[in-house]
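# Results of the structural survey
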Amino acid sequence: MIQNSRALIAICILVIFANCKPIKESVNIPELIDRPIVFDENRKQLTLEYLENRYGIQQESPTIEPKMIVLHWTVIPTLEESFEAFNPSVLPNWRPDIKGVSGLNVSSQFIVDRDGAIYQLLPETTMARHVIGLNHCAIGIENVGGTDALPLTEAQLKSNIALVKYLANKYVIDYLIGHYEYTLFENHPLWLEKDKGYRTKKTDPGEDFMYKVRQATKNLNFEPLPKPITP
Ligand SMILES: [Zn+2]
């Protein structure tokens, strides 16, 4: 009888554990400094036009459902100059390569300064123009610098890792990519850019930086990237 009771208890414990969901790793919320860029009626309209013209998405509000995180570098040496590049609603004339496609200025939801301080430029679910084909589902993280003279810093690496963990905990994020990897998605269902000729060549934020962020976020189990398209 006692043996039977023990067996019963053991079975109960097994059943309870089997039904337990794995405990989500507790994530430290990184400090996010609010530094909103201009998002006036003009930027809103340009964003809605971008969604419709580039992707065929008609919406009342310029929002996205985040499924991907894209890491970047600005090449611009300081936070202030980087902020000023993203702040105006309209793309300045010095970007003729992409101006013909849309007048919407480039931006991203986050920018990480060289000391690792994280600035939030837009709400995470507001569309930013930072990656061709995928802006409708991608949160962008820019990093100040990225040139030979100003390579990305250890502090930036740490903050990118913390921010990726934080966002992946908050949203269902399937992919983490470096900007230089975006064309791998050309045949993917998430890719919506209509113009086959509209591509820019990217190297940011460097393979080494991506490798380190991926190593540190392995347990988030992001989906593998699509295989390169062979001609
Ligand atoms: Zn980029």
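Here the structure is shown first, and the text comes after it.
On a predicted model such as this, the values are computed, not experimentally measured, just so you know. (Residues numbered from 1 in each chain as written. Predicted model: local features only at pLDDT ≥ 70, side-chain atom pairs only at ≥ 80, totals over all residues.)

Here we take up helix α2 (residues 41-55). Relative to the 21 Å expected for 15 residues at 1.5 Å per residue, α2 spans 21 Å between its end C-alpha atoms, a close match to the ideal helical length. Along α2, the residues classified as buried are R43, L46, T47, Y50, L51 and R54. Buried residues of α2, seen end-on, are gathered within an arc of 140° and therefore sit on one face of the element. Residues of α2 that are exposed and point more than 90 degrees away from the buried face comprise E41 and E52. Within two residues after α2, G56 carries a phi angle of roughly 70°, on the positive side. (Helix = DSSP H or I, 4+ residues; strand = E, 2+ residues; numbered from the N terminus. Expected span 1.5 Å × (residues − 1). Buried ≥ 20, exposed ≤ 12 C-beta atoms within 10 Å, placed from the backbone. Arc of directions from axis to C-beta.)

Let us look at the nonpolar core. Counting 45 residues, the largest nonpolar core has M68, I69, V70 and F110 as the members making the most contacts within it. Sequence-distant contacts of F110, that is, excluding residues within four places in its chain, are made with I118, Y119, Q120, L121, I141, E142 and L163. (Core = buried A, V, L, I, M, F, W, Y, C linked by C-beta atoms within 7 Å. Contact = placed C-beta atoms within 7 Å.)

Our next topic: the packing of helix α5 (residues 154-170) against helix α6 (residues 207-216). Remark: α5 packs on α6, axes separated minimally by 10 Å, with the N-to-C direction vectors making an angle of 45°. In terms of orientation, α5 and α6 fall into the oblique class. The two elements α5 and α6 cross, and the hand of that crossing is right-handed. Side by side, α5 and α6 meet where L157, N160, I161 and V164 of the first sit next to F209, K212, V213 and A216 of the second. (Axes fitted to C-alpha atoms, helices over the stretch in contact; angles between N-to-C directions. Parallel < 35°, antiparallel > 145°, perpendicular 65-115°, else oblique. Left-handed = near helix turned anticlockwise from the far one by under 90°.)

Before going further, it helps to examine the sheet that holds strand β3 (residues 110-112). Strand order in the open sheet made by the 6 strands is β1-β4-β3-β5-β2-β6, with mixed pairing throughout. The outermost strands of the open sheet, each flanked by one partner alone, are β1 (32-34) and β6 (175-178). The sheet shows a mean angle of 25° between the axes of neighbouring strands, taken without regard to direction. Sheet analysis places strand β2 (residues 68-71) next to strand β5 (residues 138-143), joined by 4 bridges and oriented parallel. Bridge pairing in β5 places L71 opposite I141. Its contacts with the sheet place α5 against β2, β3, β4 (118-120), β5 and β6, and it is angled at close to 165° to β5. (Pairing = 2+ DSSP bridges.)

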